[in-house]
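Examination of the molecular architecture
Given next are the chains, with one letter for each unit.
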Amino acid sequence: ADGARRRRRARSRAQWDGLERWREKALDARRAWGDGDEPTTTADARARDDAGDARTLASRAREIVATACPREKARLSHVAYGLLVRGKIDIADATTRASDMPTRPARPARPRLVPPKEVPSPKNSPLGAAAHAMHTVTHIELNAIDLAWDTVGRFADLRGALPDQFFVDFAHVADDESRHLLWCLQRLEELGVAYGDVAAHDVLWEGCEATRDDPLARLAVVPCMQEARGLDAGPRLVERLVGHGDARSAAIVARISEEEIGHVAVGATWFRTVCAALGDDDDDARADDVAAATFRAYIQRLAPDALRGPFNHDDRARAGIDPSWYAAAADASADVAVQRRLFTFDDPRAASALRARLRHVVALETGARDA
């Protein structure tokens, strides 16, 4: 049993084996869902080059979060990421400030946002079970675009402490989410309903608000917790949609779920990177223990219910998240001490700023009040 646990940990510590391939992928213009239940390119799907004002990625992130129309939000996301990968815009400049980001994303007039308990269940939904499920996924994907862009814009003033690849990765995630949103909007139209025809909740954005001052908290809550929950739910939702006789919606959700593994893996990779930058231990097993303990400390404070199953252990493991991060038995693990040190990236001032934001994390792990 101990050997099996060590092997599972070794697999989880390894970077997701698709990460570099995902990073090297060409701009994906498959922004419609084809008749063969596969994503396809439409004539107007390619990102337009509108870099004439030479704005930064961070300023475009702000614009996208402040855009209410879901389709326009998706289009602007594709344009911004396309300009970035073609080298037409920089990530940030001397004027970039986290405080410039909107406190809330712009939203269309519908759906009405209500507490989660007031959202109709699939059984009671006026849309029918399959359409209701696709409406829920649409709402999640819309939020996912804003969560990724807020991560880019909110922490762009830490560029240097956080390397450029961090921002490129989350812009890529936002572009993926914009494709997912368009597939879902298309499917809703095919089902004869529209986004906003049923109430929705605001829980996903609340997680963003709770982590707006701390990049490590953001990584824990958004990709490593919220998106990992999507890995748990995705296969079950596919089965339900097939059971409802909606194979086309099931194919869309299955493709989205498969791509979300990469998004969780990006979050887990950067979570480990930040934790490692704060520690002096070169032992991989020890470093993974630190990451797991830090993750649990955040989630127990910010979203304790997320540590309850059921879990899709296989897909979480594929994304690089070991059960020690989230399983109930892991709560009994011993405290892990973390030695603080600066990032070894380019800008010492930015590294100092990041260190200051993470001091309370160190305190959680060491039990010290003076970091």
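Above this note sits the structure.
Summary of the structure given here. The structure presented is a predicted model; accordingly, all values stated were derived computationally and were not measured.

What to know about the overall build of the protein
Helices and strands together make up the secondary structure of the protein, namely 13 helices and two strands. Burial analysis of the protein (371 residues in total) assigns 53% to the buried set. Counting contacts in the protein only where the partners sit at least 6 residues apart, residues at least 24 apart contribute 83% of the total. Carbon and sulfur atoms make up 50% of the accessible area of the protein, which amounts to about 16500 Å² in all.

Observations regarding the environment of Glu209
Secondary-structure assignment places Glu209 in helix H7 (residues 203-210). Separated by 105 residues in the primary sequence, Glu209 and Arg104 have C-alpha atoms spaced 8.2 Å apart. The contact partners of Glu209, leaving out residues within four places of it in the chain, are Thr103 and Arg104.

What about the side chain of Asp176?
Here Asp176 is to be found in helix H6 (residues 164-190). Judged by relative accessible area, which is 3%, Asp176 ranks as buried. Within the local environment of Asp176, its side chain forms a polar contact with the side chain of Arg179, the two groups lying 3.0 Å apart. Ignoring sequence-local partners within four residues, the contact set of Asp176 consists of Trp22, Glu259 and His263.

Notes on the packing of helix H4 (residues 70-85) against H6
Two numbers describe how H4 lies on H6: the axes approach to 9 Å, and their chain directions differ by 145 degrees. Every pair of crossing elements has a handedness; the one defined by H4 and H6 is left-handed. On the side of H4, the interface is formed by Pro70, Arg71, Ala74, Ser77, His78, Tyr81 and Leu84, while H6 contributes Val168, Ala171, His172, Ala174, Asp175, Ser178, Leu181, Leu182, Leu185, Gln186 and Glu189. Classifying every residue of the contact of H4 with H6 by side-chain character gives 10 nonpolar, five polar and three charged.

Procedures and definitions
Throughout this document, residue positions are counted from 1 along each chain, in the order its sequence is written. It should be noted that, the model being predicted, local features are given only for residues of pLDDT at least 70 and side-chain atom pairs only at 80 or more, the latter also being counted only at that level, while totals for whole chains, interfaces and linings use all residues. Heavy atoms from the whole structure form the basis of all side-chain values; hydrogens and water molecules are not counted. Helix numbering and strand numbering both begin at the N terminus, where a helix is a DSSP run of H or I of at least 4 residues and a strand a DSSP run of E of at least 2. In this scheme, a residue with accessible area under 20% of its type's maximum is buried, one over 50% is exposed, and one in between is partly exposed, where area comes from a 1.4 Å probe on protein chains only. In what follows, a contact means two residues having at least one pair of non-hydrogen atoms within 4.5 Å. Note on areas: these come from Shrake-Rupley sampling with a 1.4 Å probe, and a residue is covered only by the protein chains present in the view. Any pair of N or O atoms that falls within 3.5 Å is considered a polar contact. Within protein, one atom must be able to donate a hydrogen and the other to accept it, and sequence-neighbouring residues count only if both atoms are side-chain atoms. Lines fitted to the C-alpha atoms define the axes, with helices restricted to the stretch that makes contact. Angles between their N-to-C directions range from 0 to 180 degrees. Handedness of a helix crossing follows the sense of rotation of the near helix relative to the far helix, less than a right angle counterclockwise being left-handed and clockwise being right-handed. All amino acids are sorted into three groups, where Ala, Val, Leu, Ile, Met, Phe, Trp, Tyr, Cys and Pro are nonpolar, Asp, Glu, Lys and Arg are charged, and the leftover types, Gly among them, are polar.

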